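Chain by chain, the residues:
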Amino acid sequence: MISLWDSIAALASDPNLRWITLGCMLLGLSSGMIGCFAYLRRQSLMGDTIAHTALPGICVAFLLTGVKSLPVFMLGAVAAGILGTLAIRVITARSRIKADAAMGIVLSSFFGIGIVLLTMIQHSGDGSQSGLDKFLFGQAAAMVASDVSLMGGVSLVLAVVCALLFKEFKLLAFDPAFAKGAGFSVSLLDFLMQALVVTAVVAGIQAVGVVLVAALLITPAVSARFWTERLGRMVVLSGIFGMASGLLGAWISSQAHQLPTGPVSVLAAAAVFLVSVLFGSKRGLLTVRLTRRRARLNLQQASASSVKEAG
Amino acid sequence: MSSMDFWILLTGSLAAVSCAILGCFLILRRMALMGDAISHSVLPGIVVAYMISGSRDSIYMLIAAAIMGLLCVLFIQWFNNRGIQSDASIGVVFTSLFAIGVVLVSMNARQVDLDLDCVLYGEIAYTAWNTLQIGGVDLGPRSVWLLGGTLLLVLAVIGLFYKQFKLCAFDPMLAAALGIPAALFHYLLMGLVSVATVSSFESVGAILVVGLLVIPPSTAYLLTDRLGVMIGLSAASGVAATLLGYLIAIWLDASIAGCIVAAAALLFAAAFLLSPKHGLLAAKLRHSRLSRSAA
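Cut-offs used in this document
- Residues numbered from 1 in each chain as written.
- Chains lettered and ligands numbered in written order.
- Predicted model: local features only at pLDDT ≥ 70, side-chain atom pairs only at ≥ 80, totals over all residues.
- Heavy atoms only, no water.
- pLDDT = per-residue confidence, 0-100.
- Helix = DSSP H or I, 4+ residues; strand = E, 2+ residues; numbered from the N terminus.
- Phe/Tyr/Trp six-rings, centres within 6.5 Å; stacked < 30°, edge-to-face > 60°.
- Buried < 20%, exposed > 50% of the residue type's maximum accessible area, 1.4 Å probe, protein only.
- Patch = residues over 30% accessible without salt bridge, like charges linked within 9 Å, V, L, I, M, F, W, Y side chains within 5 Å.
- Areas by Shrake-Rupley, 256 points an atom, 1.4 Å probe, with all protein chains shown as cover.
- Salt bridge = Lys/Arg side-chain N within 4 Å of Asp/Glu carboxyl O.
- Contact = heavy atoms within 4.5 Å.
- Buried area = accessible area lost by both parts, 1.4 Å probe.
- Polar contact = N/O pair within 3.5 Å; in protein donor to acceptor, adjacent residues only side chain to side chain.
- Nonpolar A, V, L, I, M, F, W, Y, C, P; charged D, E, K, R; others polar.
- Expected span 1.5 Å × (residues − 1).
- 1 Å grid on protein atoms, 1.4 Å probe; cavity = no way out; pocket = protein on both sides within 12 Å on 5 of 7 lines; lining within 4 Å.
- Points joined across faces, edges and corners; volume = space filled by probe spheres on them.

1. What to know about the confidence of the model for chain B
- Across chain B, pLDDT averages 87, with 94% of residues at or above 70.
- Averaged pLDDT values over the elements of chain B bottom out at 70 in strand 1 (residues 131-134) of chain B and peak at 95 in helix 11 (residues 227-252) of chain B.

Structure representation (structure tokens):
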């Protein structure tokens, strides 16, 4: 109990930790919001693929510049993410390979190449590389102030863009044909959406790691779906769930020495998901049970009274 | 070629062939990402088996991992039935299970003889040192026995029920109408994928297993229209990727498992461009011939 109290006190008193936690919360917020649209466009696993493709991008960026700097890594990751997306498009459009297999191929081959580059860098004995493997599972506590402000800033911009384009994305998600008829450029919107997903993934790579960062896009959105049927509320809820996961992930992993941030954030999101599955007010198990029972009782009453009337 | 090279190549080839055979059925049923999900989900099973049994005894690991793999499939199915679309339920289930595994590994780093590197890309380079000894007799690397047994199991089950698996892969409706228990074969296939995944896990790691499950079968899929041929080609390209990848790994001094998957991707790219039937070049040639004959 004392250690819990201590860690809360640390969160309140340590300014560095406070900034990191805030950054992770902003990241969770923007990923949660964008994840809703990715969910509706059935592109949840696209985020996972893009995240894995980022690894060779980071390694190449390091090999080219020789310095460990987050902005450079982010550029490399974005470039690799776009390349991966294009590769999936080309494979599905120009051959008989289906989308799921194309995603599997791109994910594993990019990640394989990334692992090759990573081990090459490690074996070359370059001292400054030691932090590069932290990008696999993420380590929020290792971030310096400029990294945190970059991550927080990008996340904030993503959340604002997502809020501003809410109507357009809603249209795209539910009725792309109508969107086209109403004069929107569907391909432009689609590209924007894709770009938001890539940016959200890339923003999270240092804090949450390439292996699991996509879960911040998927899990909060799916959890929110259990509480509401309206997109606006779903986006807000998902953002809040993502924020809570980011908070818990950054905080718990900073307290336990060995724990990487990514898996802890994902587990926090999974806990929210479990609660939503059980108690969600729209589709939760409990709600569904209660609604069914009420309907059965109503039916029995109605049939009993109609029998009485007939008699 | 030293004996160490030989054991590494044999281990890699055995893993690649088991995965390549099963991958064909996954690809045809459009369930490539199910392989992704299973290969991630077996991790908590492996770690818990380590922690309970206190040894690296393979049989516990196999059982625990097969259970986890099937649980993962059941969870995905269950959430799917609750109205969550399939890609999202796959994403939620496997990331959560994998996260549990990673947290267990990093919390018990001292008791569990596994590190995060091994989880991601295996330790095939050390296979030759980890030998199986019964009654003081050295029987060769343990992973070779494990992977060889897995391959025999896969060959036996697929060989025995080849017709049923084939029908379920191409026409599940017809299979159901003919009275073939499609659900049973679905779970049988998933169980085999879990077993193949976990026995390859030590050698190539969680994420690169996906590469062995998906890339060689896709290469074969571009080269033929017959299932039997596709399985053979898929296994052959898996073995070729292992040989090529090992050479690249020695040349670059890099991760062997990573190089094997990268080599598999190279072979896929070659098939994608040059396949006589479904390749990009063949399509271009056909197209230009057609337009010339029309003119």
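Let's pick the thread back up.
2. Quick word on the packing of aromatic side chains
All names here are of chain B.
- According to the stated counting rule, one finds 13 aromatic pairs over all chains in the structure shown.
- Both rings, one in Phe 165 and one in Phe 185, keep their centres 5.3 Å apart while their planes meet at 80°; by these two values the pair is edge-to-face. In this pair, Phe 165 sits in helix 7 (residues 162-170) while Phe 185 sits in helix 9 (residues 182-204), placing the two residues 20 residues apart along the sequence.
- For Phe 185, a relative accessible area of 6% puts it in the buried group.

3. With respect to a nonpolar patch on the surface
Residue and element names in this part refer to chain B.
- Residues Ile 59, Tyr 60, Ile 63, Ile 67, Leu 71, Leu 74 and Phe 75 make up a contiguous nonpolar surface patch of roughly 650 Å² in combined accessible area.
- Here Leu 71 shows up in helix 3 (residues 58-81).
- In this structure Leu 71 comes out as partly exposed when scored by relative accessible area, which is 32%.

4. A look at the interface of chain A and chain B
- Each side of the interface is counted separately: chain A has 53 residues, and chain B has 56 residues.
- The largest contributions to the chain A side of the interface with chain B come from Leu 45, Arg 96 and Asp 100 of chain A, which together make up 14% of the buried area.
- Seen at the junction of chain A and chain B, the total is one salt bridge.
- For Arg 96 of chain A, the salt bridge identified is with Asp 225 of chain B, shortest N-O distance 3.1 Å.
- For the pair chain A and chain B, the interface holds 12 residue pairs in polar contact (both at pLDDT 80 or more).
- Elements with a contribution of two residues or more to the side of chain A that touches chain B: helix 2 (15-40), helix 3 (44-65), helix 4 (70-94), helix 5 (99-123), helix 6 (134-137), helix 11 (215-225) and helix 13 (261-279) of chain A.
- Classifying every residue of the side of chain A that touches chain B by side-chain character gives 33 nonpolar, 13 polar and seven charged.

5. A word on helix 6 (residues 142-160) of chain B
- Its 19 residues give helix 6 of chain B an end-to-end C-alpha distance of 27 Å, which sits within 8% of 27 Å, the value for a rise of 1.5 Å per residue.
- Here helix 6 of chain B has its buried residues at Arg 142, Ser 143, Val 144, Leu 146, Leu 147, Thr 150, Leu 151, Val 154, Val 157 and Ile 158 of chain B.

6. Notes on empty space enclosed by the protein
All names here are of chain B.
- If you walk through the whole model with that rule in mind, you get one cavity of 30 Å³ or more.
- Space inside the largest cavity adds up to approximately 40 Å³.
- Along the walls of the largest cavity sit Phe 25, Arg 29, Phe 165, Cys 168, Ala 169, Ala 182, Phe 185, His 186 and Leu 189, which together make up its complete lining.
- For the lining of the largest cavity, the leading source of residues is helix 9, giving four residues.
- Grouping the amino acids of the lining of the largest cavity by side-chain chemistry returns seven nonpolar, one polar and one charged.

7. Some thoughts on unusual backbone geometry
- Positive phi outside glycine occurs at Arg 42 of chain A, with the angle close to 55°.
- Here Arg 42 of chain A shows up in the loop between helix 2 and helix 3.
- Look at Arg 42 of chain A and you get exposed, because its relative accessible area is 57%.
- Positive phi values are uncommon outside glycine, yet Asp 253 of chain B reaches one of about 55°.
- Within the element layout of this structure, Asp 253 of chain B appears in the loop between helix 11 and helix 12 (256-274).

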